[in-house]
Amino acid sequence: MTNLLPEMAEIWQQTLNWQPTVQQQEQFQRLYELILEGNRQLNLTRITDPQEFWEKHLWDSLRGIAPLLSENLSPTFPNIIDIGTGAGFPGVPVAMTVPNCTITLLDSTQKKITFIDDILLSKLALTNAKTLVGRAEEIGQHPQHRLAYDIALIRAVGAASVCAEYTLPLLKQGGLAIIYRGNWTDDETTALQNAVKLLGGVIESIEQFTTPLSHSIRHCVYLRKVAITPIDFPRAIGVPTQKPL
(Lines give C-alpha, C1' and ligand atoms only; values in the text may rest on other atoms or scores of the structure.)
Protein backbone atom coordinates (compact mmCIF):
# COMPACT_ATOMS: atom_id res chain seq x y z
CA MET A 1 0.00 0.00 0.00
CA THR A 2 1.43 3.36 -1.03
CA ASN A 3 1.42 6.15 1.49
CA LEU A 4 -0.62 8.95 -0.05
CA LEU A 5 0.30 12.57 0.36
CA PRO A 6 -2.57 14.88 1.27
CA GLU A 7 -3.54 17.19 -1.60
CA MET A 8 -4.34 20.25 0.50
CA ALA A 9 -5.62 22.32 -2.43
CA GLU A 10 -7.46 24.73 -0.13
CA ILE A 11 -4.45 25.27 2.13
CA TRP A 12 -2.19 25.92 -0.86
CA GLN A 13 -4.68 28.50 -2.10
CA GLN A 14 -5.19 30.19 1.27
CA THR A 15 -1.54 30.35 2.27
CA LEU A 16 0.29 30.87 -1.03
CA ASN A 17 -2.50 32.10 -3.31
CA TRP A 18 -1.52 29.25 -5.60
CA GLN A 19 -2.32 25.60 -6.08
CA PRO A 20 -0.61 22.74 -7.87
CA THR A 21 -1.94 21.42 -11.15
CA VAL A 22 -3.01 17.77 -11.37
CA GLN A 23 0.37 17.00 -12.94
CA GLN A 24 2.24 18.75 -10.11
CA GLN A 25 0.19 16.84 -7.52
CA GLU A 26 1.24 13.62 -9.25
CA GLN A 27 4.87 14.74 -9.27
CA PHE A 28 4.70 15.55 -5.53
CA GLN A 29 3.32 12.06 -4.85
CA ARG A 30 6.01 10.44 -7.00
CA LEU A 31 8.73 12.51 -5.32
CA TYR A 32 7.48 11.31 -1.94
CA GLU A 33 7.57 7.66 -3.06
CA LEU A 34 11.08 8.02 -4.51
CA ILE A 35 12.37 9.65 -1.32
CA LEU A 36 10.85 6.85 0.79
CA GLU A 37 12.51 4.25 -1.46
CA GLY A 38 15.84 6.09 -1.43
CA ASN A 39 15.69 6.37 2.36
CA ARG A 40 16.23 2.61 2.62
CA GLN A 41 19.77 2.97 1.24
CA LEU A 42 20.62 6.54 2.11
CA ASN A 43 19.80 8.64 5.13
CA LEU A 44 17.86 11.27 3.15
CA THR A 45 15.26 12.50 5.64
CA ARG A 46 13.72 11.68 9.00
CA ILE A 47 10.44 13.12 7.75
CA THR A 48 8.45 10.24 6.27
CA ASP A 49 4.91 10.72 7.59
CA PRO A 50 2.73 11.93 4.65
CA GLN A 51 1.36 15.02 6.41
CA GLU A 52 4.71 15.98 7.86
CA PHE A 53 6.39 15.45 4.49
CA TRP A 54 3.78 17.65 2.81
CA GLU A 55 4.27 20.44 5.34
CA LYS A 56 8.01 20.36 6.01
CA HIS A 57 9.29 19.41 2.57
CA LEU A 58 6.70 20.63 0.06
CA TRP A 59 4.84 23.52 1.65
CA ASP A 60 7.90 24.90 3.44
CA SER A 61 10.03 24.70 0.27
CA LEU A 62 7.47 26.65 -1.73
CA ARG A 63 6.58 29.16 0.99
CA GLY A 64 10.06 30.63 0.62
CA ILE A 65 9.56 31.31 -3.09
CA ALA A 66 5.94 32.45 -2.82
CA PRO A 67 6.72 35.64 -4.83
CA LEU A 68 7.79 33.48 -7.79
CA LEU A 69 4.57 31.51 -7.80
CA SER A 70 2.60 34.60 -8.72
CA GLU A 71 3.87 35.01 -12.27
CA ASN A 72 3.97 38.78 -12.41
CA LEU A 73 6.75 39.02 -9.81
CA SER A 74 9.19 36.54 -11.26
CA PRO A 75 11.90 37.34 -13.79
CA THR A 76 11.07 35.60 -17.06
CA PHE A 77 13.62 32.78 -16.78
CA PRO A 78 15.19 32.94 -13.34
CA ASN A 79 18.46 31.11 -12.88
CA ILE A 80 18.36 29.61 -9.37
CA ILE A 81 20.85 27.73 -7.18
CA ASP A 82 19.90 25.63 -4.14
CA ILE A 83 22.89 25.45 -1.78
CA GLY A 84 23.16 22.33 0.39
CA THR A 85 20.17 20.73 -1.31
CA GLY A 86 20.52 17.41 0.58
CA ALA A 87 17.72 15.17 -0.68
CA GLY A 88 16.58 17.92 -3.07
CA PHE A 89 14.82 20.46 -0.86
CA PRO A 90 13.80 23.13 -1.53
CA GLY A 91 15.19 22.82 -5.07
CA VAL A 92 13.23 19.89 -6.51
CA PRO A 93 9.75 21.20 -5.51
CA VAL A 94 10.84 24.61 -6.87
CA ALA A 95 11.85 23.02 -10.21
CA MET A 96 8.41 21.39 -10.41
CA THR A 97 6.44 24.52 -9.69
CA VAL A 98 8.46 27.24 -11.47
CA PRO A 99 8.85 25.48 -14.82
CA ASN A 100 10.40 28.51 -16.53
CA CYS A 101 13.35 28.52 -14.13
CA THR A 102 16.60 26.62 -14.39
CA ILE A 103 17.85 25.36 -11.06
CA THR A 104 21.23 24.03 -9.97
CA LEU A 105 21.13 21.66 -6.98
CA LEU A 106 24.41 21.95 -5.08
CA ASP A 107 25.58 19.57 -2.38
CA SER A 108 28.98 18.43 -1.16
CA THR A 109 27.84 14.81 -0.66
CA GLN A 110 28.33 12.79 -3.84
CA LYS A 111 25.87 10.05 -2.77
CA LYS A 112 23.02 12.53 -2.39
CA ILE A 113 23.77 14.17 -5.73
CA THR A 114 23.91 10.76 -7.44
CA PHE A 115 20.51 9.91 -5.95
CA ILE A 116 19.02 13.22 -7.13
CA ASP A 117 20.48 12.75 -10.61
CA ASP A 118 19.82 9.06 -11.21
CA ILE A 119 16.52 8.76 -9.38
CA LEU A 120 14.73 12.06 -8.82
CA LEU A 121 15.54 14.07 -11.91
CA SER A 122 15.31 11.17 -14.33
CA LYS A 123 12.15 9.56 -12.93
CA LEU A 124 10.38 12.88 -12.46
CA ALA A 125 11.55 14.04 -15.92
CA LEU A 126 12.72 17.39 -14.55
CA THR A 127 14.65 18.87 -17.45
CA ASN A 128 15.04 22.31 -15.84
CA ALA A 129 17.18 21.04 -12.94
CA LYS A 130 20.81 19.97 -12.85
CA THR A 131 23.19 18.93 -10.09
CA LEU A 132 26.58 20.09 -8.91
CA VAL A 133 28.88 18.45 -6.36
CA GLY A 134 30.99 20.85 -4.36
CA ARG A 135 31.36 23.15 -1.40
CA ALA A 136 29.72 26.56 -1.45
CA GLU A 137 33.07 28.21 -0.65
CA GLU A 138 34.66 26.77 -3.83
CA ILE A 139 31.65 27.29 -6.07
CA GLY A 140 31.39 30.94 -4.97
CA GLN A 141 34.92 31.57 -6.28
CA HIS A 142 34.37 29.66 -9.53
CA PRO A 143 34.11 31.99 -12.56
CA GLN A 144 31.30 29.89 -14.05
CA HIS A 145 29.13 30.30 -10.94
CA ARG A 146 30.12 33.59 -9.31
CA LEU A 147 27.66 36.35 -10.32
CA ALA A 148 25.67 33.76 -12.30
CA TYR A 149 22.35 33.44 -10.46
CA ASP A 150 19.17 35.49 -10.02
CA ILE A 151 18.12 33.64 -6.86
CA ALA A 152 20.01 31.58 -4.28
CA LEU A 153 18.10 29.33 -1.87
CA ILE A 154 19.63 28.01 1.32
CA ARG A 155 17.84 25.92 3.94
CA ALA A 156 19.10 24.24 7.12
CA VAL A 157 22.70 25.35 6.63
CA GLY A 158 24.60 27.10 9.46
CA ALA A 159 24.29 30.59 10.94
CA ALA A 160 22.60 33.30 8.89
CA SER A 161 25.86 35.18 8.29
CA VAL A 162 27.36 31.95 6.91
CA CYS A 163 24.35 31.60 4.61
CA ALA A 164 24.89 35.18 3.43
CA GLU A 165 28.55 34.46 2.68
CA TYR A 166 27.60 31.35 0.70
CA THR A 167 24.82 33.00 -1.33
CA LEU A 168 25.70 36.61 -2.14
CA PRO A 169 28.89 35.94 -4.16
CA LEU A 170 26.86 33.68 -6.49
CA LEU A 171 24.23 36.31 -7.24
CA LYS A 172 24.06 38.78 -10.09
CA GLN A 173 23.65 42.42 -9.18
CA GLY A 174 20.03 42.80 -8.03
CA GLY A 175 19.77 39.07 -7.27
CA LEU A 176 17.91 37.66 -4.27
CA ALA A 177 19.09 35.26 -1.55
CA ILE A 178 16.37 33.40 0.35
CA ILE A 179 17.44 31.98 3.70
CA TYR A 180 15.00 29.50 5.26
CA ARG A 181 14.99 29.58 9.08
CA GLY A 182 13.04 28.27 12.02
CA ASN A 183 13.22 30.78 14.86
CA TRP A 184 14.66 34.24 14.39
CA THR A 185 15.61 37.00 16.83
CA ASP A 186 16.33 40.73 16.63
CA ASP A 187 19.92 40.00 17.68
CA GLU A 188 20.29 37.80 14.63
CA THR A 189 19.06 40.64 12.43
CA THR A 190 21.66 42.99 13.91
CA ALA A 191 24.47 40.45 13.47
CA LEU A 192 23.36 39.67 9.94
CA GLN A 193 23.20 43.35 8.90
CA ASN A 194 26.94 43.78 9.42
CA ALA A 195 27.82 40.62 7.50
CA VAL A 196 25.48 41.42 4.62
CA LYS A 197 26.91 44.94 4.26
CA LEU A 198 30.43 43.52 3.89
CA LEU A 199 29.17 41.15 1.18
CA GLY A 200 27.44 43.77 -0.95
CA GLY A 201 23.87 43.05 0.16
CA VAL A 202 21.00 44.46 2.18
CA ILE A 203 18.31 42.72 4.22
CA GLU A 204 15.25 43.34 2.08
CA SER A 205 12.70 41.68 4.35
CA ILE A 206 12.25 39.10 7.07
CA GLU A 207 8.95 37.25 6.93
CA GLN A 208 7.53 35.35 9.86
CA PHE A 209 4.81 32.80 9.20
CA THR A 210 3.14 29.81 10.79
CA THR A 211 3.11 26.41 9.13
CA PRO A 212 -0.44 25.32 8.26
CA LEU A 213 -0.59 21.90 9.97
CA SER A 214 1.72 21.90 12.98
CA HIS A 215 1.45 25.67 13.53
CA SER A 216 5.16 26.10 14.07
CA ILE A 217 6.85 29.45 13.57
CA ARG A 218 9.14 29.79 10.56
CA HIS A 219 11.02 32.67 8.97
CA CYS A 220 12.37 33.53 5.57
CA VAL A 221 15.12 36.11 5.32
CA TYR A 222 15.40 37.84 1.94
CA LEU A 223 18.71 39.48 1.04
CA ARG A 224 19.11 41.67 -2.04
CA LYS A 225 22.50 42.06 -3.70
CA VAL A 226 23.09 45.76 -4.29
CA ALA A 227 26.87 46.01 -4.74
CA ILE A 228 29.84 43.92 -5.84
CA THR A 229 30.89 41.23 -3.36
CA PRO A 230 34.62 41.68 -2.56
CA ILE A 231 36.75 38.93 -4.12
CA ASP A 232 37.85 37.77 -0.61
CA PHE A 233 34.37 36.22 -0.15
CA PRO A 234 33.47 33.46 0.23
CA ARG A 235 36.54 32.62 2.31
CA ALA A 236 38.31 29.24 2.16
CA ILE A 237 36.49 25.98 2.97
CA GLY A 238 35.52 25.80 6.63
CA VAL A 239 36.40 29.41 7.47
CA PRO A 240 32.87 30.88 7.18
CA THR A 241 31.51 28.37 9.71
CA GLN A 242 34.51 28.61 12.08
CA LYS A 243 34.73 32.40 11.96
CA PRO A 244 31.33 33.79 10.97
CA LEU A 245 31.39 37.42 9.80
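Criteria and cut-off values
Residues numbered from 1 in each chain as written. Predicted model: local features only at pLDDT ≥ 70, side-chain atom pairs only at ≥ 80, totals over all residues. Heavy atoms only, no water. Helix = DSSP H or I, 4+ residues; strand = E, 2+ residues; numbered from the N terminus. Buried < 20%, exposed > 50% of the residue type's maximum accessible area, 1.4 Å probe, protein only. Lys, Arg positive; Asp, Glu negative; His and termini not counted. Salt bridge = Lys/Arg side-chain N within 4 Å of Asp/Glu carboxyl O. Polar contact = N/O pair within 3.5 Å; in protein donor to acceptor, adjacent residues only side chain to side chain. Contact = heavy atoms within 4.5 Å. 1 Å grid on protein atoms, 1.4 Å probe; cavity = no way out; pocket = protein on both sides within 12 Å on 5 of 7 lines; lining within 4 Å. Points joined across faces, edges and corners; volume = space filled by probe spheres on them. Core = buried A, V, L, I, M, F, W, Y, C linked by side-chain atoms within 4.5 Å. Disulfide = S-S within 2.5 Å.

Caption draft 1: View of the side chain of Asp82. If you trace the backbone, Asp82 turns up in strand E1 (residues 79–83). With no salt bridge to any partner, buried Asp82 finds its closest opposite charge in Arg155, at an N-O distance of 7.4 Å. Only 2.7 Å separates the side chain of Asp82 from the side chain of Thr85, close enough to count as a polar contact. Every residue in contact with Asp82, bar those within four places of it in the chain, is listed here: Gly88, Phe89, Pro90, Gly91, Ile103, Thr104, Leu105, Leu106 and Leu153.

Caption draft 2: The arrangement of the environment of Lys243 in detail. On the secondary structure map, Lys243 appears in the segment after helix H10 (239–242). You can call Lys243 exposed: its relative accessible area is 58%.

Caption draft 3: Here's a closer look at the layout of surface pockets. Approximately 790 Å³ is the volume attributed to the largest pocket. Together, 33 residues line the largest pocket, and Gly84, Gly86, Phe89, Arg155 and Ala156 are the ones closest to its centre. Breaking the lining of the largest pocket down by element, the ones donating at least two residues are helix H3 (50–63), strand E2 (102–107) and helix H7 (136–139).

Caption draft 4: Seen up close, the nonpolar core. One finds Trp12 and Ile65 to be the most contacted residues of the largest nonpolar core, which totals 49 residues. Setting aside chain neighbours within four positions, we find Trp12 in contact with Glu7, Asn17, Trp18, Gln19, Pro20, Phe28, Trp54, Leu58, Trp59 and Leu62. Residues Leu132, Ile154, Ala160 and Leu171 belong to the second largest nonpolar core, which totals 27 residues.

Caption draft 5: Structural context of the state of the cysteines. All chains considered together, the criterion is met by zero disulfides. Left without a disulfide partner, Cys163 is nearest to the cysteine sulfur of Cys220, which lies 11 Å away.

Caption draft 6: A look at the pattern of salt bridges. According to the stated counting rule, one finds nine salt bridges in the structure shown. One salt bridge connects Arg135 with Glu137, and the closest N-O pair in it is separated by 3.3 Å. A relative accessible area of 3% means that Glu137 is categorised as buried. We note a salt bridge from Glu204 to Arg224, for which the minimum N-O separation is 2.8 Å. Placement of the pair is Glu204 in strand E6 (residues 201–210) and Arg224 in strand E7 (residues 217–225), with a sequence separation of 20 residues. For Glu204, a relative accessible area of 44% gives the class partly exposed. Its relative accessible area of 25% is what places Arg224 among the partly exposed residues. Sharing partners across several salt bridges, the network here consists of Asp60, Arg155 and Arg218.

Caption draft 7: Main features of the side chain of Ser161. With respect to the helices and strands, Ser161 occurs in helix H8 (residues 160–167). If we ignore the near neighbours within four places in the chain, the residues touching Ser161 are Leu192, Ala195, Pro244 and Leu245.

From the geometry alone we can't say anything about function, so treat these as descriptive.
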